[in-house]
Amino acid sequence: MISAADEERLREIWERTPGWRGWLTTVDHKTIGLRYIVTAFIFLIAGGIEALVMRLQLAGPDKTLLGPEQYNQLFTMHGVTMIFLYAAPVLTGFSNYIWPLILGSRDMAFPRLNALSYWLYLFAGIFLYASFPAGLAPNDGWFNYVPYAERTYNTGPNIDVYALGMVLLGLSTTVGAANFMTTVALLRAPGMTIARLPILIWGTLTASAANLVAIPSVSLAFLLLWMDRSLGTHFFDIGAGGQALLWQHLFWIFAHPWSMSSFCPR
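These numbers come from a predicted model, not from an experiment. (Residues numbered from 1 in each chain as written. Predicted model: local features only at pLDDT ≥ 70, side-chain atom pairs only at ≥ 80, totals over all residues. Heavy atoms only, no water.)

## Structural notes on the nonpolar core
Part 1 of the argument: Formed by 46 residues in total, the largest nonpolar core has its most connected members in Phe84, Tyr121, Trp142, Tyr162, Leu169, Trp247 and Phe254.
Part 2 of the argument: Residues contacting Trp247, with those up to four places away along its chain left out, are Phe143, Asn144, Tyr145, Val146, Ala221, Phe222, Leu225 and Phe236.
Part 3 of the argument: Of all hydrophobic cores here, the second largest spans nine residues; its members include Leu103, Met108, Leu197 and Leu205. (Core = buried A, V, L, I, M, F, W, Y, C linked by side-chain atoms within 4.5 Å. Buried < 20%, exposed > 50% of the residue type's maximum accessible area, 1.4 Å probe, protein only. Contact = heavy atoms within 4.5 Å.)

Take a look at the structure:
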């Protein structure tokens, strides 16, 4: 039996601060899960609108709804939205909501890290979309192949926006994956052995393990590209001894397991 003093202490620890401060600083897994889901569906609507505009442009010959540069930006942001801002985050939201309920834990292993993961995701998405009104959205496809993504061939800040946004998203996904793996390792209910884990837990667990290996690879690729463009390094610059193929290796180390984990049932 828990004492009244302990009960009061736990209530002080876990109850949310009233008002807007509590809304902003909550670490409750259900609230964070719902935020992931709602935010991901907002990005889904944005990605659907982008797809619709592209279809209207392609509905007939010689359409002028979009110019070439506008089409490149819309095409890229549609891919970025559907892959990075919707597909995986919406599943993360569902997992955030139900994992502690299934495992019998009070919350995720690192509640504050869980909240940080969401806020990084939201800020990265807003950062990427804020480039649209200025015509500075990513414009090299979501796969962002060099050498076209290098400063020599793509002089504007469009790719810099993409690179920095993806580094933020990479941090969000990496800390989230670590949180899921730690939760299942340490916070299972008594008697819930690994062999008794429901298939839903296994789905997110295996995806999180893949993300821990795959996400640092693409985060490194975008960081190196940003350094090439902003600091004068030559990781991907063929003329200076770099390797364009290095981008494809780093990107697809990430993209193949990401695509599989994003669309596998969790």
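Once you've had a look at it, read on.
## Topic: the packing of helix α4 (residues 68–103) against helix α5 (residues 111–129)
Part 1 of the argument: Between α4 and α5, the shortest axis-to-axis distance is 12 Å and the interhelical angle comes to 160°. One finds that α4 runs roughly antiparallel with respect to α5. Of the two elements, α4 crosses α5, and the hand of that crossing is left-handed. Across from Met77, Val80, Thr81, Phe84, Leu85, Pro89 and Asn96 in α4, the residues of α5 making contact are Asn114, Tyr121, Gly125, Leu128 and Tyr129. (Axes fitted to C-alpha atoms, helices over the stretch in contact; angles between N-to-C directions. Helix = DSSP H or I, 4+ residues; strand = E, 2+ residues; numbered from the N terminus. Parallel < 35°, antiparallel > 145°, perpendicular 65-115°, else oblique. Left-handed = near helix turned anticlockwise from the far one by under 90°.)

## Things to note about unusual backbone geometry
Part 1 of the argument: In this structure, the amide linkage connecting Val146 to the following residue, Pro147, adopts the cis form with an omega of 10°.
Part 2 of the argument: Within the fold, Pro147 resides in the loop between α5 and α6 (158–186).
Part 3 of the argument: Positioned with a positive phi, Asp62 is a non-glycine residue whose angle comes to about 60°.
Part 4 of the argument: Residue position: Asp62 is located in the loop between α3 (29–57) and α4.
Part 5 of the argument: In this model, Asn144 sits at a positive phi of 55°, which is unusual for a non-glycine residue.

Just geometry here; none of it tells us what the structure is for.
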